[in-house]
Amino acid sequence: MLSLAKNTNLLVMFLLELGVLVSVGYWGFVVGQNWPVKLLLGLGAPALFIALWALFGAANGAVIPLTGFARVVLEVLWFGGGAAALVMAGRLTPGIVFAAVYVVNAALRLLWAQ
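The model shown is predicted, which means the values in this text are computed figures rather than measured ones. (Residues numbered from 1 in each chain as written. Predicted model: local features only at pLDDT ≥ 70, side-chain atom pairs only at ≥ 80, totals over all residues. Heavy atoms only, no water.)

**Q** Outline the environment of V76, supporting the account with residue identities and numerical values.
**A** You can see V76 is positioned in helix α3 (residues 68–88). For V76, a relative accessible area of 47% gives the class partly exposed. V76 has contacts with G81 and Y102, leaving out every residue within four places of it along the chain. (Helix = DSSP H or I, 4+ residues; strand = E, 2+ residues; numbered from the N terminus. Buried < 20%, exposed > 50% of the residue type's maximum accessible area, 1.4 Å probe, protein only. Contact = heavy atoms within 4.5 Å.)

So, in structure tokens, the structure goes:
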């Protein structure tokens, strides 16, 4: 039963990673004043987040994998950025829920050494 919970927690982590990209893209399309800016922000911001995650955070393929405190900072900035993007796009409740799910997920990963 515990292995199912651990696997589910890893699935939630993956879905949160995807959620960051969706949130940042949504933010870009909402805050842009005209279509060229909306496209630039809505596609460019997720591309920047993808590049940073691939460089430092990807579980099995990071170019410069971070560990310890540096990894904690990366995750807080990454997932906090997703939550903040929702809030800045006018979606306060989803932003708070996103942040709360991340905190629970991170606590369980710490508890289970994932």
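**Q** How would you summarise the pattern of salt bridges if you had to cite specific residues and measurements?
**A** Once the charged atoms of two side chains with opposite charge are near each other, the side chains can pair. Counted by the stated rule, this structure contains 2 salt bridges. Among the ionic pairs, R71 bridges to E75, the shortest N-O distance being 3.0 Å. Here R71 and its partner E75 are both found in helix α3, 4 residues apart, which amounts to about one turn of the helix. For E75, a relative accessible area of 7% translates into the label buried. Its salt-bridge partner being E75, residue R109 comes within 2.7 Å of it at the nearest N-O pair. Here E75 lies in helix α3 and R109 lies in helix α4 (residues 92–111), a separation of 34 residues in the sequence. (Salt bridge = Lys/Arg side-chain N within 4 Å of Asp/Glu carboxyl O.)

**Q** Please provide a residue-by-residue account of α4, values included.
**A** Between its first and last C-alpha, α4 extends 29 Å over 20 residues, near the 28 Å set by a 1.5 Å rise per residue. Residues G95, F98, Y102, N105, A106 and R109 constitute the buried set of α4. Around the axis of α4, the buried residues are gathered within 100° of arc, so they sit on the same side. Along α4, the residues that are exposed and aim more than 90 degrees away from the buried face are T93, V103, V104 and L111. Here the buried face of α4 lies against α1 (2–31) and α3. Among the residues trailing α4, A113 stands out with phi positive, at a value near 55°. (Expected span 1.5 Å × (residues − 1). Arc of directions from axis to C-beta.)

**Q** Residue-level account of the nonpolar core, with values.
**A** The biggest cluster of nonpolar side chains holds 16 residues, and the ones touching the most others in it are V20, V24, W53, W78, F79 and F98. Listing elements by their share of this core, those giving two or more residues are α1, α2 (35–57), α3 and α4. No other element matches the 6 residues that α3 contributes to this core. Setting aside residues up to four positions removed in sequence, W53 forms contacts with M13, E17, A58, R71, L74, E75, W78 and F79. (Core = buried A, V, L, I, M, F, W, Y, C linked by side-chain atoms within 4.5 Å.)

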